[in-house]
Structure formats: C-alpha cells, structure tokens
Amino acid sequence: MNHIPAFKAAILVAAGICAAHFARLSPAWAWPVLAGLVLIRSLPGRWKARGLNQAVLVSALVVLGALRYGTATGRPVSGHVAALPDSLDCALEGFPASDPEIRPDRFTMELEPERIILKDTARPVRGRVLVRFRKSPGSRFGYGDRIRVTGRLTRPPPRRNPGGFDYRAWLERQGIRKILTVPEADGAEILAGHSGSPLLRRVIFPARRRILARIDRLYPESGRPLMRTLLAGDRTEMDADTEEAFAETGIIHILAVSGLHTGFIVLILRLLFGMCRLPKTAETLLVISGLAAFALITGARPPVVRAALMASIYLTGLLIDRGASPFNTVGAAALILLLPKPARLFDPGFLLSFTAVMGILYLYPKLDGAVRSAAPPGFLGRHPWIRGITGLLFVSLAAQAGTLPVAVSVFNRLPLLGWLFNLAAVPVAGLIVLLGFASLFFSAFSVEIGLSYAALNQALIRGLVWAVESLGRSGRFAVSVPTPSWPVILIYITALILAGEWKRKTVRKGLIFALLAWMNCAVWPAVTGREYRNLRVLHFDVGQGDAALVRLPRGKTLLIDGGPADGRFDCGARIIAPYLIREGIRRIDALVLTHPHLDHVGGLPAIMERFRVGRILIAGTEFRSAAYETFLETAERKRIPVQEVTAPDSLVLVPAVKIRILNPEPRFKGKPQNRAGAVNNQSIVLQIVYGKTVLMMMGDAEIAVEKHLMNRYTDLGAAVLKTGHHGSRTSSSPGFVKRAAPDYAVVSVGARNRHGHPAPETLDRLRSAGAEIVRTDKHGAVLFATDGNALRMKTCIRNADP
C-alpha cells in the first residue's frame, strides 16, 4: 500500500461497508475483531510471519468500514427521533438544517430538532427530520431560526414494488429517519433566539439567498431554472421533462455542480488573490476556504464536495512541493465522505461522481497514448486542434465508460450517442457557467453590465435546452436495457481493464482467467434453468387498483390489468413498465383486462405503447368510459388482436400451465348501464394451474359470481386467491372462501382508500378459512413462485403489520 495508500484504503473501507450492508452484519462482532487485529499488530517482531502486517492492516480497514456502517445505520439509541413510534402526533422545536425548499407543489425543509413536545411534556431529542407542509406556511424562516412545528411524525415510506425507488433508504442516506407532516399553514411558529453554526447562519446561507435572488433578477423565466441549477445547485424550478431530456441525451452530469464549476472557482479565486500579491501560503489557504464556501453554498452534495476536496488536496500538494497522485486524491476524498456517512456509498450521485473521475484517470491516458502512438511523428504538434478535439472526446468516452455500470443499473438506460453530444454540450455548458459567474460578479458593480452578460448567456441557454429537448424526444440517444447482474458488471469492468492492460502479459493472463470465471457465473443460472422452469406471479402495489404479472415457464408472460392512471400518476408508465424493463421483458404474450373500470384499465395504454403485446383478452362488456375508449383505440392503432372471452374458454401459452376462464358467463353479459356491480360481475376470472399449484384471480367479481362458480365447478380449491373487488364486503362470501380454502389471500388495495376496503368481516372470513392475508397497502407488492409443487411467497415490505 506504499504507492497509493489512500486509494487502497478507500477501496478496503468500501468493501467493509458493502459486506456489512449486503450481509446485514451487526456491529457487535466488529469490535472484538478489530481489537484482536490491533493485538496481533502489537506483537513483538519475532512472532510475526512475513506479510502479516499487511494482512492485519487490510483486515483492519475492511472491519473499520463494516463497523462504521453498522454504527451509522444500526438500531437507534434512546433520545433519537428514529427511536420514537412510527406514527406520533407531536410538536418539534429546533432549527432548519438548511433553507426550506419551495416548489410549486410542495414546501419542505430539513429540521434539526432539539425538543419534542407530547401533550404537556417536553424532552430533548436529536436526529434529523424532513418537515412537509401541506399548505405553504405564512411565516418565512431559514437556517438557524428557532421554530416550533406541529404535525404527525411518521417513518418514511419504504420501497413498495420490486426495483422501485426506495424513498426511505434514500432519506436515511441523507441522515433523515422521520417525516413530520404539518397539515395547516399556521403549524409553524418562529421562536426567540437562534441555533446552528454562526458561519452558516451569517455568511453561507445569506450568500446563497443573495445569489439566487440575483439570478432571478438577471435571467428571464425561461433561463432561470438552468442557471439556478448550474450556479447554486438549486433544482426546485427545473422542469421534470427537461431533466429527463438531459438524462436521455447522456448529459445529465452537466446539471450536477462538480468539477467543471470547481475548476472555474479555483481559476477565479487564484486570479483575484494573485492580483493582491499575497504570499503563496495565504493565497492557497484562501482558495481552499473559498472552495469550502462554494461547496456549502451549492448544497454540499457528493459531486461538489468530492471536486472541492480533490482540488484542495492538489493545491495543498503544490504548496508543500509534493505532487499528489490523482488516485490518492480520489481515495482521500472518498474516505472523507464515507467515514462520517458510510451509507453514501450506495447513493447514485456519489457513485456516478467517483466512477466518472476513475474512468477519466484510468482510461484517458491510455486512449491519448494510443492516438499519439498511431499519429505520424510531429503531426499532433502541427495540428494542436486535432489533439484538443480528441482530448475532449476521450474525456467524454472515459467518463461514460466509468459510469456505465452505475448508470445502467440505476436508470436502465444505455447511452448510445451521448459521448458524441458531449463534444458540443460540455463546452457550451462550460461557457454558460463562466458567463453565469461573470454576470453575477459584474452585477455587483453594475446591474446593466450583469444584464448584458446574462442576455448573451440566455441565447446559449435557449440553444442548449432546445437541442437537449429536441434530441431527447428523438429516442435515438439511449435505449432501455435490463438491470445487469453482478457477474455482467464484473465482466464489463474486467474487460475494460483487460483492454487497458493488454500489453502486460502477466496481468493479461490473470484478467483473462477472471473474465472466464465471471462469464461462467453469468451463464450458470441459465444452464441450470431453475428460474426458467418456475411460474411466478407478481401482484404490483398500484394503490386502489389491480395489476398482476404472470411469468410462465419458457419465458412467456401474461399481464392481468394495469392499475389506475390519471393526470398526475400512471401506474402503467411509472410502476409496471419500469419493472418490465429492469427484468428484460420486451413482450407481453397475452394481456387480460378483467373489466373496464379505471382502476384496472388506466395503466394499460402505457404498456401497449412501450411493449409488444401478442393479444388482448376482454370480457366484451358494453360499458364505456374515456379510459376504456383510449385502451381500445390504442389496441387498434398498434394492431393488437382483441378477443372477447367467456367461460369455459381457456388460454394456452405453455403446455405445462392450464389457464381456465371461469367467468364471465353469457348470463352476466349485456348492457350494465354503467352500474359498478354489474360491470364487476362481468370480470374475467382466471384459474391458473401449474402442477399441484392452483391460483385464482377473481378480478372484481362479487358474491353473485361466486355463487355461480360454486354451483358449476367442483375444483375451486386454490393455494393463492386474489380476492374479488379489493376485499370488499360484496365479495369473498363464507361459502366461497370455504370452498377455495386458500393458503394465501391477496388483497390489492390502496392505503386509507375512500371505499373502506378491505372490509373487516371479509378479512375475518379469510382468516377463519386458514388463509394468510397479504395486502398491498401494508406489504407492498407480493410475489409468488412455484415449481408446481412447493410455493414460495415474498413481500416487498418486510415485517409489515398483518
């Protein structure tokens, strides 16, 4: 570890953090192990075997990483907000950890609480809380103001669908363990006095407010969101569609305040302090202080902190006449960020920032060296512009190569031409940032001069945003890809290093061996075929609605309903489609719409737009609604065959699985006159049989259909029963539940829905029949897997209340 000790130490600490995270290790074991390693290290020299020192140091750093992660994310101690009940009406007194975030649809802030007030008692409390105001508060407050906020304290919601966004984990990585929801505008009160850091209260946050106010004054509404993002790290006004376009074109990194901005700050500060003819030591210390202030003003997010730390380490090395290794600088920055908050290792922003730098540091010299070797002698010297263009291209390629595993795993998008667009976008963004700083600087002396720079900048902003949005809509810059497995990621990384180290024979052999090993790990699951032979049913959590994906043996897929959709949220686009993409599913072999109510049909057009659908099965009801018309029009436009089915039809996708249609019967068909019960009783009811395992999907069928099924069929027993009509009192009758005798009863229902679903008496009947009840409002998505004999069940939310 002599050459790049900080870099190697960061790798080992990160390995310990990963071990503790994925193996769910308790920090209790780490203390005695660490003590034992220290004891071994202190033994006299004659007791030490060769290389033992190195092994002890390596082990100690791994254990240190695991210990830090365990202590930072472990069970909360008494007096911490995380130790409070999951739902609690209370008042908190404390101070905002930053200025409130004001958006058109919400008003939020992070609070550092000092006291919690329950009825007439108050006691000290610590930790960080996210405060949400349902109505914008009348009082205006900022960092350091002592305030009292009254509302309901709850734990952040967890991930509810496989692969979905885990809001709870994201907040916990920021150190936030609770959310306080304030229902009324007068739920916040400013108290006497101040708290927090005087430096932040009197210098940093006032400076940030002045910068944002100056941007708002200098730039028109169309350019303001981008300038607030680029210069102050404030995305509150950035449009979601514009952000998505930046991501689609592969230049989302431009929106992160990081190395580009830090470089300009260093340049500006060195020019300013250089003109003052300060001693070198004083100049360097002032520049480093300026970098720290800039990082704090822009929000102190991992990319800008990483860039500021690396620049500070580099400047310190120049000051003491010791050149710091770039890899060592990266390692030191990573350690400084990870040791206080080890969970940052799993933050996409942290990973993208560091992998981009690592890609540039490792790949750029090799790409540049290859061009130098291939170019004729003296050619690049005579044509420096060629080297400038290739240099910019190689930096873009190296950064994207480094971030590719993270970007694909997090966003499921593979950039195709982003590296090419970066050739133009990065210089333009750099010029926009430079002109932005110039407009702010000169406006301090003359608003007219600042407005002149801003007007010139506005033209560049308009052109960049137009290009990004136009190219983003074309769909040619990126393609959707499934989430790669760990062996696939390791194959990619090993192949990348192998290409860079090909000339080193001994290293090449080891890398080829590793590459073959990872390839074996990648193909082995497909060879064994265990998952390929299983039948899996995933009941999505779509709120008050239904949607289930059946994955049959041989890779066939059946989608039953698509959940609701409205102007704000489309379950098909936001829940089902992302899951299908992550799983590598590009085709739905059969799509079943049980009945045309909005909570079942709403999300299906989005699926039909994004994926190939083999055929559609409907009940043929004459019920009409805008959502159902959109569904039928989309099917016609996409030329998807639509088939009306009735009992006793069947659906054959693979020979081993029997899918029987038990409803609707012709007597339930006809004009329902838009009556909910009549439409519900026309629901398609499916019985899926695989080996000894039977699953019943009841749609919204009610008691009338259940009575008919009991009269007509004798084989209604099911291991899994998807209850009819969201567990309402009009379904799951005692006789039917007794005949079905399910091991599991799935209730697809929205939390605190206005219909009162599921009915308590329905739940009692299911429990009396011996069924284990799983509810999407409490357990999130529910997955069943069977090989035809054994049945396994897994819920997205663990340890939920029954």
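Computed from a prediction, not measured in an experiment: that's the story for all the values here. (Residues numbered from 1 in each chain as written. Predicted model: local features only at pLDDT ≥ 70, side-chain atom pairs only at ≥ 80, totals over all residues. Heavy atoms only, no water.)

Got a minute to help me understand the pairing of strand 25 (residues 772-775) in this structure?
Two faces belong to every sheet, and in a regular strand the side chains alternate between them. As paired elements, strand 24 (residues 744-747) and strand 25 share 4 bridges and run parallel to each other. Along strand 25, the bridge assignment pairs V746 with V774. Handedness of the crossover joining strand 24 and strand 25 through helix 27 (residues 760-768): right-handed. (Pairing = 2+ DSSP bridges. Helix = DSSP H or I, 4+ residues; strand = E, 2+ residues; numbered from the N terminus. Right-handed = clockwise from strand over helix to strand, strands pointing away.)

Help me out: how do you make sense of the sheet that holds strand 26 (residues 782-786) in this one?
On the basis of which strands lie adjacent, the open sheet formed by 8 strands has the order 18-17-15-13-12-11-26-27 and mixed pairing. Every other strand in the sheet has two partners, leaving strand 18 (642-644) and strand 27 (791-795) as the edge strands with one partner each. The mean angle between the axes of side-by-side strands here comes to 15°, regardless of whether they run parallel or antiparallel. Strand direction decides the pairing type here: strand 11 (residues 535-539) and strand 26, joined by 5 bridges, are antiparallel. Within strand 26, the position partnered with L535 by the bridge is T786. The sheet contacts of helix 23 (residues 626-637) involve strand 15 (590-592), strand 17 (616-618) and strand 18, and relative to strand 17 the element is tilted by about 145°. (Axes fitted to C-alpha atoms, helices over the stretch in contact; angles between N-to-C directions. Contact = heavy atoms within 4.5 Å.)

I keep staring at the packing of helix 8 (residues 259-275) against helix 10 (residues 302-319) and nothing clicks. Help me out?
A pair of packed helices is captured by two measures, namely the crossing angle of their axes and the spacing between those axes. With their axes 9 Å apart at the nearest point, helix 8 and helix 10 run at an angle of 40° to one another. By the angle between their directions, the pair helix 8 and helix 10 is classed as oblique. Crossing of helix 8 against helix 10: the hand is right-handed. Counting all contacts with helix 8, which are made through G259, T262, V266 and R270, the residues of helix 10 involved are V304, R306, A307, A308, A311, L315 and L318. Across the contact of helix 8 with helix 10, the residue classes tally to 7 nonpolar, 2 polar and 2 charged. (Parallel < 35°, antiparallel > 145°, perpendicular 65-115°, else oblique. Left-handed = near helix turned anticlockwise from the far one by under 90°. Nonpolar A, V, L, I, M, F, W, Y, C, P; charged D, E, K, R; others polar.)

Can you help me understand the sheet that holds strand 23 (residues 720-722) in this one?
Within a sheet, each strand pairs with its neighbour through backbone hydrogen bonds, oriented either parallel or antiparallel. The mixed open sheet is built from 7 strands, whose spatial order is 19-20-21-22-23-24-25. Two strands bound the open sheet, and with one partner strand each, they are strand 19 (650-651) and strand 25. Bridge count for strand 23 against strand 24 is 3 bridges, and the pairing is parallel. Within the sheet, the bridge partner assigned to V720 lies in strand 24 and is Y744. Along the sheet, helix 27 contacts strand 23, strand 24 and strand 25; its crossing angle with strand 25, the most-contacted strand, is approximately 140°.

How do you make sense of the pattern of salt bridges when you look at a structure like this?
Where charged atoms from two side chains of opposite charge approach closely, those side chains can pair. In this structure the tally under the stated criterion is 40 salt bridges. Several salt bridges share partner residues, and in doing so they unite E93, E114, R115, R146, R148 and E189 into one network. (Salt bridge = Lys/Arg side-chain N within 4 Å of Asp/Glu carboxyl O.)

What is the right way to look at the packing of aromatic side chains in this model?
To describe a pair of aromatic rings, you give the distance between the ring centres and the angle between the ring planes. Scanning the model with the defined rule gives 19 aromatic pairs in all. With a centroid separation of 5.5 Å and an interplanar angle of 75°, the aromatic rings of F7 and F327 are classed as edge-to-face. Of the two residues, F7 sits in helix 1 (residues 5-22) while F327 sits in helix 11 (residues 326-338), which places them 320 residues apart along the sequence. With a relative accessible area of 23%, F327 lands in the partly exposed category. Taking the centre distance of 6.4 Å and the plane angle of 55° together, the rings of F165 and W170 count as tilted. Judged by relative accessible area, F165 falls into the exposed class, the value being 56%. What makes W170 partly exposed here is its relative accessible area of 32%. Here a set of aromatic residues connected by ring pairs shows up, and it is made of F441, F442, F445 and Y453. Above the plane of the ring of W502 lies R508, whose end atom (NZ or CZ) is 4.8 Å from the centre. (Phe/Tyr/Trp six-rings, centres within 6.5 Å; stacked < 30°, edge-to-face > 60°. Buried < 20%, exposed > 50% of the residue type's maximum accessible area, 1.4 Å probe, protein only. Lys NZ or Arg CZ within 6 Å of the ring centre and 35° of its normal.)

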